[in-house]
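# Structural features, examined
Here are the chains, one letter per residue:
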Amino acid sequence: GVPVDAIGVMLNLTVVWPSSSGYLTVYPCGDSRPQTSNLNFSARRTTSNAVLAMPGDDGSVCIYSTARTGVVADVQGYVAHDSSMVPLPSVRLLDTRVRGSEAASGSTIELQVGDRGGVAADAEAVALNLIAVDPAATGHLIVFACDDERPLASSLNYDTNQTRSTLVFTKTDDRGRVCIYTSAKTHIVADVQAQVVSRSSKIATTIARLLDTRAGHPTVDGLHEDSRTVRAPRTVALEVNGRADV
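The text that follows walks through the structure, step by step, so that each part is easy to find. The numbers attached to residues start from 1 for each chain and follow its sequence in the written order. Note on the predicted model: pLDDT of at least 70 is required for a residue's local features to be given, and 80 or more for side-chain atom pairs to be given and counted; whole-chain, interface and lining totals, by contrast, use all residues. Neither water nor hydrogens contribute to the side-chain values; these are computed over all heavy atoms in the structure.

## A few points about the environment of Tyr 27
The way it works is that DSSP assigns letters per residue, a run of H or I at least four long becomes a helix, a run of E at least two long becomes a strand, and they are numbered from the N terminus. Of note, Tyr 27 is situated in strand β2 (residues 22-28). For Tyr 27, a relative accessible area of 14% corresponds to the buried category. Through-space distance from the C-alpha of Tyr 27 to that of Ile 63 is 6.8 Å; in sequence the pair is 36 residues apart. Contacts are assigned to residue pairs with any non-hydrogen atoms lying within 4.5 Å of each other. Beyond its immediate sequence surroundings of up to four residues, Tyr 27 is in contact with Ser 32, Arg 33, Pro 34, Met 54, Val 61, Cys 62 and Tyr 64. Residue exposure (1.4 Å probe, protein chains only): buried if accessible area is under 20% of the type maximum, exposed if over 50%, otherwise partly exposed.

What follows is the structure, given as structure tokens:
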């Protein structure tokens, strides 16, 4: 279902039972492989992540792996050639390992993304591949526009000493910044994947929780909360349209 002139493709990428820890990098075939990662994994653990990839001139993407592993790729959607979303070559915008100190527990990093790494100075939103590297404790990251209040919903959940990655779509503030909050001490890496270039486009305002089956954990509007553990086999019908600015 992906048209031949698509400028981007959304893939759910999965590594199955890797022989050792490592990462995958997805990039347009025919281009040089970037020094960034899209999916970080641990030995003998099946792990997945969403990837917004640019196809090469022949419509193919290349998937590089640092370790022996099974790899699965499922298409989720595509970016049309006339879309206001523009995929970008993967460029690293943040790596706290370079400065030699982790982000402290409960701290927020203000990250300038506008006018960096191919992102327009007035870009409305960006897609980032976000990585938590060797966290000191179990916790989460939350990404949001710096001029908004920090939402309750998390962008990436991580475990102690386990490197985890995810694709995050977030608005920027009027100065081209996004904020990254961490609940535990960890190194943080952010690689840009795409931008939305038109501020007249209609995009989600911020992340919001639509479903939480745990008791005492609220959703954005009170629907689909405290609905108990999902027991297999069961399908949950989740209302999305008309909620949280969708």
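## Section: the pairing of strand β14 (residues 187-196)
Across the 10 residues of β14, 10 count as buried, placing the element largely inside the fold. Two strands make a pair as long as DSSP finds a minimum of two bridges between them. Pairing of strand β7 (residues 85-95) with β14, which is carried by 7 bridges, proceeds in the antiparallel orientation. Bridge pairing in β14 places Pro 87 opposite Ala 194. Judged from the 9 bridges that link them, strand β9 (residues 125-133) and β14 form a sheet pairing that is antiparallel. Within β14, the position partnered with Ala 125 by the bridge is Val 196.

## Some details on the pattern of salt bridges
By convention in these notes, a salt bridge is any Lys or Arg side-chain nitrogen within 4 Å of a carboxyl oxygen on Asp or Glu. Within the structure shown, the criterion is met by 9 salt bridges. Close ionic contact of Arg 97 with Asp 95 constitutes a salt bridge, the shortest N to O distance being 2.8 Å. According to the relative accessible area criterion, Arg 97 is partly exposed, its value standing at 40%. A relative accessible area of 17% means that Asp 95 is categorised as buried. Each of Arg 92, Asp 95, Arg 97 and Asp 191 takes part in one network of salt bridges that share partners.

## Description of the sheet that holds strand β13 (residues 177-182)
Across the sheet, which stays open at both edges, the 4 strands sit in the order β8-β13-β10-β11 with antiparallel pairing between neighbours. Taken across any chain shown, the strands that pair with only one partner, and hence form the sheet edges, are β8 (108-112) and β11 (156-158). The mean angle between the axes of side-by-side strands here comes to 20°, regardless of whether they run parallel or antiparallel. Across 5 bridges, strand β10 (residues 139-145) lies against β13 in antiparallel orientation. What sits directly across from Ala 145, in β13, is Val 178. Axes, fitted as lines to C-alpha atoms, cover a helix only where it is in contact. Angles between the N-to-C directions of the axes lie from 0 to 180 degrees.

## Brief notes about the state of the cysteines
What makes a disulfide is a covalent bond joining the sulfur atoms belonging to two cysteines. By convention in this document, the label disulfide applies to cysteine sulfur atom pairs within 2.5 Å. All chains considered together, the criterion is met by 2 disulfides. Through a disulfide, Cys 29 is tied to Cys 62; the S-S separation comes to 2.1 Å. Negative torsions about the S-S bond denote left-handed disulfides, and the value of about 115° found for Cys 29 with Cys 62 makes this one right-handed. Residue Cys 29 is located in the loop between β2 and β3 (39-41), and its partner Cys 62 is located in strand β5 (residues 61-65); the two are separated by 33 residues in the primary sequence. Look at Cys 29 and you get buried, because its relative accessible area is 18%.

Take it as geometry only, folks, not as evidence of what the structure does.
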